[in-house]
Amino acid sequence: MPDTAVRYFGRCLTCGERSADTADADDGQTWCLRHAGATHHSAYELSAFQYFNANMANVTNPTANGAPSAT
Ligand SMILES: [Zn+2]
C-alpha cells in the first residue's frame, strides 16, 4: 500500500510527457519549468491525487444505518 498523502505531478499538454509523482507540488512545477526550458512547450497542468485503501471492514451496513426504508 503506497503512502496515502496527497501526491502531485506535472504534465505537458503539448506532448503528454509527465513528471514522476511527488509529495511536493513545487517539485511538479519545477519539472514543468525544466521541460519548458528543454522543449519550449508552454502549456502544463499540475495535478494532485491521493491513493486510498478501500476497506469494506470500515463501511457500516448501509441498509441498517439511515437508509430510507422500503415501504
Ligand atoms: Zn512537452
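The residue numbers shown here count from 1 along each chain, following its written sequence. For this predicted model, a pLDDT threshold of at least 70 governs which residues receive local features, and a threshold of 80 or more governs which side-chain atom pairs are given and counted, while totals over whole chains, interfaces and linings are taken from all residues.

The protein carries the name DUF7848 domain-containing protein in an unreviewed UniProt entry, which gives Streptomyces piniterrae as its organism.

**Side note on unusual backbone geometry**
Even without a glycine there, the phi angle at His 40 is positive, about 65°. Inspection of the secondary structure assignment puts His 40 in the loop between α1 (25–39) and β2 (44–50). Given 8 C-beta atoms within a 10 Å radius, His 40 is considered exposed. For the purposes of this entry, the term helix denotes a DSSP run of H or I that reaches at least four residues, the term strand denotes a run of E that reaches at least two, and both are numbered from the N terminus. Residues are called buried when their C-beta atom has 20 or more other C-beta atoms within 10 Å, exposed when it has 12 or fewer, and partly exposed otherwise; all C-beta atoms are positioned from the backbone.

**With respect to α1**
End to end, α1 covers 21 Å across 15 residues, agreeing with the expected 21 Å (1.5 Å per residue, within 8%). Among all positions of α1, only Gly 28, Trp 31, Cys 32 and His 35 are buried. Down the axis, α1 shows its buried residues gathered within 100° of arc, on one side only. Every exposed residue of α1 that faces more than 90 degrees away from the buried side is listed here: Asp 26, Leu 33, Arg 34 and Gly 37. Residue count minus one, scaled by 1.5 Å, sets the expected span of a helix. The directions considered for the arc are those from the helix axis to the C-beta atoms.

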